Amino acid sequence: METTRKDIQFLLNDRLISIDFQEHPGLKPTTTVLNYLRALPGFKGVKEGCAEGDCGACTVVTAEIAEGRLVYKTIDSCLVFLPMLHGKQLLTVEHLADGNSLHPVQQAMLEHNGSQCGYCTPGVVMSLFGLYKNSHNPSRPVINDALTGNLCRCTGYRPIADAAADCCSGNGKDQFTSAEQMTLEVLGKIQSDRRQIEITTDRQLYLKPMTLSDALSARLRVPEAVIISGSTDVALRQTKKKELLTALLDLSSIEELCTIIADEHQYWIGAGVTIEQLRKFSHDHLPALAQMLSVFGSLQIRNLATIGGNVGSASPIGDVLPLLFACRASLRLQSASVERTIAISDFITGYRTTCLKNDELITGIVLPKPADDVFIRSYKVSKRKDLDISTVSAGFMLKLNQGRVADLVLAFGGMAATTACASETEAFLRGKPWDEPTVAKAMEILENEFRPLSDARAGATYRTLVSKNLLMKFYVESTAQEV
Ligand SMILES: Cc1cc2nc3c(=O)[nH]c(=O)nc-3n(C[C@H](O)[C@H](O)[C@H](O)COP(=O)(O)OP(=O)(O)OC[C@H]3O[C@@H](n4cnc5c(N)ncnc54)[C@H](O)[C@@H]3O)c2cc1C
Ligand code: FES
Ligand code: FES
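Just so you know, these numbers come straight off a predicted model, no measurement behind them. Chains are numbered independently. Their residues run from 1 in the order of the written sequence. Here the convention is simple: chains get letters from A, ligands get numbers from 1, in the order in which they are written. Under the rules for a predicted model, residues below a pLDDT of 70 receive no local features and side-chain atom pairs below 80 are neither given nor counted, while totals for whole chains, interfaces and linings still include all residues.

### Focus on the pairing of strand β19 (residues 392-401)
Heads up, the rule is: Around each residue's C-beta, the other C-beta atoms within 10 Å are counted; 20 or more make the residue buried, 12 or fewer make it exposed, and counts in between make it partly exposed. All C-beta atoms are placed from the backbone. Here a helix means four or more residues in a row that DSSP labels H or I, a strand means two or more in a row labelled E, and each is numbered from the N terminus. By the convention used here, strands pair only if DSSP detects at least 2 bridges between them.
Among the 10 residues of β19, seven are classified as buried, and the element is accordingly described as predominantly covered. Note: strand β18 (residues 374-381) against β19, eight bridges, orientation antiparallel. Within β19, the position partnered with V381 by the bridge is V392. Judged from the nine bridges that link them, β19 and strand β20 (residues 404-413) form a sheet pairing that is antiparallel. Its bridge partner being in β20, F396 is matched across the sheet by L410.

The following block contains the structure:
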C-alpha cells in the first residue's frame, strides 16, 4: 500500500464520493464546497451571496464522528475547501425532504410563512436543520444565535424564529436518525485510514495529514505551504483576493490538536479547538472568555474557526487575543525536533506577524487557571452586536490586596497594530487604591497611550474614548463584585 493517499472521500448524504483530483481537471483542491455543489446537477439550492462568510446563503451541514457519535454542524460552504470534507457527511437542502414529505424544518418554515423571495431560504433551512439536530426546545437566544449567520432581507426574522421553535419542539427524529448507524460505519471506515492525503496538481500541492507527527514532517518538507485549520481567514485570500494558493497544509483532521485538558493549575487548549467548542467549554470554566466568544462571528464561522487560527493570524482585532494577554497565556510551538513555550505577548511581533519559525506549528495554548481572587473581563465594541469584527476589544485582569492594585493587565485590540497592553496606565495603577478618582486619573494616562487608526469602522478619537470608558466600566463591574 502507498504511504500516502491522493484521493478524498466523503458522503454526499448517502452517496460515497471519491475524488482523485488528477482525474477531475475541473476541480482544484481549493475548490470550495459551494462551487463544487453548484457545479453538480441538482444542487442549486446552495447560494453564493457574499463568498466571505457573512450572509449564510451558502450554509450546509456536515456530520462527523466525535466520541463515537455523529455531530452535526452548520458551516459556510463558501469558506471550505473540498478536501476539508474528507471523512465527513455533507448535507444540503436537497437532502431534507425524504421523497414523500418535507422535513419538519421545511414544514415549519412553510406553516410560519418563513420565506418570501427565497434567496436566503436554503441557507436558513440548513441553519434550522442544524438547530433541529442539536437542540430540543431551544430558547429564543439559542434560536437567534443559530440564525445570526443568515441574512434575510425580506421575510424578517420573527416567522423564521417561530418556525425554529415549532420544529424543534418535537422528538428530533428524522430519516438521518434512522440512517445514523450506516453513516457512522462508512465514515468510520474512511477515517480508519490514517495516511496523509497528498494532492498534487499542475499548479497546487495540498497536504492533509491525519497525525501531528505527519503534520510536523510536512511542515519541515514544505515550509512555504500556507497552514490552514478552519480556513475562515485563509479562504478569503482565494474567494476575495483571487489568489492562487499553490501549497497548503491542512490541519483540520488532526485529532491531537482538538482536545481541551484541565489540570489543577491550567487549561491546555489544542490549536485545532474550534471557537464554538471553546465557547461551550469556557461557559463553565472561564465566563469572561465565553462572553467574548458569544459575539464571535456566527455559529457557521465558530464551527470552523479555531483558536490556533485566531492566534496564528495575529490580527490586531483578533477577539481571543486580549483575554489571552490578560490571563498571561502562553503558546506551545512545535517542530519535528524541538518544542518550545512562549508568552503570547512575545509571539506577536508586529501587524499580522509572529515569531513562528518556518518549521513550526502552534500546537496549543496554555491558559493558567485564574485564581479565585482575580477579576477578569473581556469587552467587544463593534458597529453591530452580531457577526461583526471589533472596533475596540479588551481583556482586563485585576488582583487587589487590601483595596490596592496588586496585579493588573489592560490588554486592548483595535488600538494599535497588534494586541497591546496599556503598560503606562498599568504602571500608574499598580499599588494605588482601586477607587474612582484613581481610575479617572488612569483614564487620562490611557488617553495618550495609543495612537489608534481612523478607518471605516471608527475614528481615532472614538476609539480612544471607548478604551477609556471600558476601563471605567471594568472598575464599576469590579466594585459590583467583591474582588
Ligand atoms: C464572516 C467572518 C466573521 C469573523 N468574525 C470574527 C470575530 O468575530 N472575531 C475574530 O476574532 N475573528 C473573526 N473572524 C476571523 C477568523 O474567523 C478568526 O480569526 C479565526 O479564529 C481563524 O481561525 P481559522 O482556524 O479559520 O484560521 P485559518 O484561516 O485556518 O488560519 C488563520 C491563520 O493562522 C495560521 N494558522 C492556523 N492554524 C495554525 C497552527 N496550528 N499553527 C500555526 N499557524 C496556524 C494560518 O496559516 C493563517 O495565517 C471572522 C471571519 C469571517 C470570515
Ligand atoms: S456566500 Fe455568504 S456566507 Fe457564504
Ligand atoms: S426571503 Fe428574501 S432574503 Fe430572505
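Let's pick the thread back up.
### Examining the site of ligand 1
The line we're drawing: Put plainly, near means the residue's C-beta atom, positioned from the backbone, lies within 6 Å of the molecule or strand in question. In this classification, Asp, Glu, Lys and Arg are treated as charged, Ala, Val, Leu, Ile, Met, Phe, Trp, Tyr, Cys and Pro as nonpolar, and every other residue, Gly included, as polar.
Around ligand 1 there are 32 residues in total, and G53, G230, G309, N310 and G312 lie nearest to it. The element best represented in the shell around ligand 1 is helix α13 (residues 307-313), accounting for five residues. Per-class residue counts for the shell around ligand 1 are 15 nonpolar, 13 polar and four charged.

### A closer look at unusual backbone geometry
Its identity is not glycine, yet N113 carries a phi of approximately 55°, on the positive side. For N113, the location among the structural elements is in the loop between α2 (104-111) and α3 (121-134). Residue classification places N113 among the partly exposed residues on the basis of 14 C-beta atoms within 10 Å.

### Structural notes on the sheet that holds β19
Here is the rule we go by: Throughout, a residue-residue contact means that the two C-beta atoms, derived from backbone geometry, are no farther apart than 7 Å. Throughout, an axis means a line fitted to C-alpha atoms (over the contacting stretch in the case of helices), and angles, computed between N-to-C directions, take values from 0 to 180 degrees.
Read across the sheet, four strands follow the order β18-β19-β20-β21 without closing on themselves; strand pairing throughout is antiparallel. Sheet topology places β18 and β21 (420-421) at the edges, where each strand pairs with a single neighbour. Packed onto the sheet, helix α18 (residues 460-480) meets β18, β19 and β20 and runs at close to 35° relative to β19.

### Details of α3
For the record, the criterion: In this analysis, the expected span of each helix is defined as 1.5 Å times one less than the number of residues it contains.
For α3, which comprises 14 residues, the first-to-last C-alpha distance of 20 Å matches the rise-based estimate of 20 Å (1.5 Å per residue) to within 8%. Within α3, 13 of the 14 residues are buried, leaving the element largely enclosed by the surrounding structure.

### Some thoughts on the pairing of strand β14 (residues 339-343)
In terms of residue burial, β14 counts as a barely covered element, since only zero of its five residues are buried. Bridging between strand β13 (residues 330-334) and β14 involves five bridges; their strand directions are antiparallel. Counterpart to L333 in the pairing with β14 is R340. Taken together, β13 and the strand that follows it, β14, pair antiparallel across an intervening segment of four residues.

### Details of the packing of helix α4 (residues 140-147) against helix α5 (residues 157-167)
Spelled out, the test is: Here a crossing is taken to be left-handed if its near helix is turned anticlockwise relative to the far helix by less than a right angle, and right-handed if that turn runs clockwise.
Packing of α4 against α5 leaves a shortest axis separation of 10 Å and a crossing angle of 115°. Where α4 crosses over α5, the two elements pack in a sense that is right-handed. On the side of α4, the interface is formed by R140, I143, N144, A146 and L147, while α5 contributes Y157, I160, A161, A164 and A165. Here the residues of the contact of α4 with α5 are counted per class, giving eight nonpolar, one polar and one charged.

### Observations regarding the packing of α3 against α5
Definition in use: Oblique is the label for any angle not under 35 degrees, not over 145, and not in the 65 to 115 range, which are roughly parallel, roughly antiparallel and roughly perpendicular in turn.
Look at α3 against α5: their axes get within 10 Å of each other, and the N-to-C directions meet at 30°. The pairing of α3 with α5 is recorded here as roughly parallel in orientation. Note that α3 runs across α5; the crossing there is right-handed. Where α3 abuts α5, its residues V124, L128, L131 and Y132 lie against I160, A163, A164 and C167. Tallied by class, residues from the contact of α3 with α5 come to eight nonpolar, no polar and no charged.

### As for the environment of V80
Topologically, V80 is positioned in the loop between β5 (69-76) and β6 (89-91). Measuring from C-alpha to C-alpha, the distance between V80 and D233 comes to 11 Å, with 153 residues separating the pair along the chain. The residues contacting V80, other than those within four sequence positions of it, are T32, V33, I75, S231 and L304.

### Concerning the domain arrangement of the protein
As a reminder, the rule being used: Throughout the structure description, domain borders are defined by an automatic or database domain assignment.
Each domain of the protein was delimited in the assignment, giving domain 1 (4-93 + 179-250), domain 2 (99-173), domain 3 (259-368) and domain 4 (374-480). Centre-to-centre separation of domain 2 and domain 3, based on C-alpha positions: 32 Å. With four residues of domain 2 at the contact, the number on the domain 3 side is four residues. Residue composition of the side of domain 2 that touches domain 3, grouped by class: one nonpolar, two polar and one charged.

### Thoughts on the sheet that holds strand β17 (residues 361-368)
The five strands lie next to each other as β11-β12-β17-β13-β14, forming an open sheet whose pairing is antiparallel. If you trace the sheet from one side to the other, it starts and ends with β11 (260-262) and β14, each paired once. The mean inter-strand angle of the sheet, taken between neighbouring strand axes irrespective of direction, is 20°. Two elements, β11 and strand β12 (residues 266-270), share three bridges in a ladder whose sense is antiparallel. By the bridge assignment for β12, I260 is matched with I269.

### As for the environment of L16
Positionally, L16 belongs in strand β3 (residues 15-20). With 73 residues separating them in the primary sequence, L16 and Q89 have C-alpha atoms 9.0 Å apart. Once residues within four sequence positions are removed from consideration, L16 is found in contact with Q9, L11 and V186.

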